[in-house]
Amino acid sequence: MYKKQLGNTGIEVTPIGFGVLTIGGTQLNLPIEDGAEIIRNALERGINFLDTAQYYRTYSYIREALKGTSFDPVIVSKCLDSDYRGMEYAIEEARRELDRDLIDIFLLHEVRSKEDFNDRLGAWECLQEAKAKGLIRAIGVSTHHVDVAELVAETPEADVLFPLINFKSLGIRKGQGFGTKEDMAEAIKKSADKGQGVFAMKVFGGGILTKDYRKALEYVFSLEGVHSLMIGFGSRDEVDRIIEMVEGTLDPNYTPDLSNKRIWIEQGDCEGCGRCIERCPNDALYINDIGLTYVNHDICIRCGYCAPVCPSRAIIMIG
Ligand code: SF4
Ligand code: SF4
């Protein structure tokens, strides 16, 4: 597969990356060898870009996938911590658990506002120092928020931006409300124009847009300034089909197999409003004693009707 320069980082990446969150404990929870085998297949098929995070607990899959091979993928990790020590620990943990002296890219994970970025300046300082010491090649921010993407574009120390974007604007935030794909696309262009590397997440809106497979991919591929798309694969077949899409050989009648599709509620974002419960045709959702919403996976039919009604976009469909 061809590669692109990731902005001015000096790092070359394939147009598709593998978001390893999907195979780990918070999602498909595959056995280590099964998940590692999917990663290995992606590397064999030419993908050279892997995304993980301290929070995902997926380092063991990557380590297992690389064991005994000569693959040397570009690895991104990230940390939710705010302070210097928390970030310092996360970097050391990644170096140790991935068995690497150098982590290619390390990010502040999921920055939610300019204020949140300012609250995390200790962690940001740590990233800059780790880069100066040669422990990291490039640093940046992952975000769902247009305001944060714009801030990153104006931050010369940032080498990369990892924004959320898709053709239905699902999950894009701006200020206290929702942003649009046009808002985010403009911020992405500003970032790329400053020489930052940009790789996009949630191209399929957490799984909701997989029925528009080609459209979802083509939209993000068409955006100016996006160097790579990070996709959460759950099987070898999904990897193989997307490579065919990039190479122009995909069967025009291809319809993704959604049998691995799952639903997940981001409890930190749930406001307990109950709208999803009203919408669910299967009574598969309930609110617990402290007002958080849970899914009864035994009766959830993974129809996805609940996700669009959630005002805080806390419901994520996977697969
Ligand atoms: S995916 Fe469908 S069945 Fe499952 S919780 Fe949502 S609305 Fe209910
Ligand atoms: S609609 Fe969203 S915010 Fe409201 S209860 Fe359901 S998950 Fe929580």
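Residues numbered from 1 in each chain as written. Chains lettered and ligands numbered in written order. Predicted model: local features only at pLDDT ≥ 70, side-chain atom pairs only at ≥ 80, totals over all residues.

### Considerations on the overall build of the chain
- Scanning the chain from terminus to terminus reveals 10 helices and 16 strands.
- Against the 2.2 N^0.38 benchmark of 20 Å for 319 residues, the chain shows a C-alpha radius of gyration of 19 Å, consistent with a compact globule.
- Counting across all 319 residues of the chain, residues that qualify as buried make up 47%. (Helix = DSSP H or I, 4+ residues; strand = E, 2+ residues; numbered from the N terminus. Rg over C-alpha atoms; globule rule 2.2 N^0.38 Å. Buried ≥ 20, exposed ≤ 12 C-beta atoms within 10 Å, placed from the backbone.)

### Structural notes on the pairing of strand β11 (residues 197–200)
- Residues Gly 197 and Phe 199 line one face of β11 and the alternating positions Val 198 and Ala 200 line the opposite face, and both faces are buried.
- The pairing of strand β8 (residues 160–163) with β11 spans two bridges and is classified as parallel. Paired with Leu 161 across the bridge in β11 is Val 198.
- Note: β11 against strand β12 (residues 228–231), two bridges, orientation parallel. Of the residues in β12, the one forming a bridge with Phe 199 is Ser 228. (Pairing = 2+ DSSP bridges.)

### Considering the sheet that holds strand β3 (residues 16–19)
- Spatial ordering of the closed barrel is given by β3-β4-β5-β6-β7-β8-β11-β12, a layout of eight strands whose pairing is parallel. Ignoring strand direction, the axes of neighbouring strands in this sheet form an average angle of 25°. (Axes fitted to C-alpha atoms, helices over the stretch in contact; angles between N-to-C directions.)

### Concerning the site of ligand 2
- Looking at ligand 2, there are 14 residues lining it, with Cys 270, Cys 273, Cys 276, Thr 293 and Cys 310 nearest.
- Split by residue class, the shell around ligand 2 holds eight nonpolar, four polar and two charged. (Near = placed C-beta within 6 Å. Nonpolar A, V, L, I, M, F, W, Y, C, P; charged D, E, K, R; others polar.)

### Quick word on the nonpolar core
- Within the largest apolar cluster, 83 residues are counted, with the highest numbers of intra-cluster contacts made by Ile 39 and Ala 200.
- When residues in this core are grouped by element, the largest group, six residues, is from helix α6 (residues 146–153).
- Once residues within four sequence positions are removed from consideration, Ala 200 is found in contact with Pro 163, Ile 165, Val 220, Val 226, Leu 229 and Met 230.
- Formed by 12 residues, the second largest nonpolar core is a distinct cluster that contains Cys 276, Cys 280, Ala 284 and Cys 306. (Core = buried A, V, L, I, M, F, W, Y, C linked by C-beta atoms within 7 Å. Contact = placed C-beta atoms within 7 Å.)

### Quick look at the domain arrangement of the chain
- Taken domain by domain, the chain holds domain 1 (4–247) and domain 2 (262–318).
- The C-alpha-based centres of domain 1 and domain 2 are spaced at 26 Å. (Domains from an automatic or database assignment.)

### Some words on unusual backbone geometry
- One non-glycine residue, Arg 57, adopts positive backbone phi at about 60°.
- For Arg 57, the position within the fold is in the loop between β4 (49–51) and α2 (59–66).
- The phi dihedral of Glu 110 is positive, around 55°, even though this residue is not glycine.
- Considering the arrangement of structural elements, one finds Glu 110 in the loop between β6 (103–108) and α4 (114–119).

### So, α6
- Counting buried positions along α6 gives eight out of eight residues, so the element sits mostly inside the fold.
- Within α6, burial applies to Val 146, Asp 147, Val 148, Ala 149, Glu 150, Leu 151, Val 152 and Ala 153.

### Let's talk about the packing of helix α1 (residues 32–44) against α2
- Relative orientation of the contacting elements α1 and α2 amounts to 60°, with a least axis distance of 8 Å. As the angle between them shows, α1 and α2 are arranged oblique. The chirality of how α1 crosses α2 is right-handed. Between α1, through Ile 32, Glu 33, Gly 35, Ala 36, Ile 39, Arg 40 and Leu 43, and α2, the contact on the second element is made entirely by Ser 60, Tyr 61, Ile 62, Glu 64 and Ala 65. (Parallel < 35°, antiparallel > 145°, perpendicular 65-115°, else oblique. Left-handed = near helix turned anticlockwise from the far one by under 90°.)

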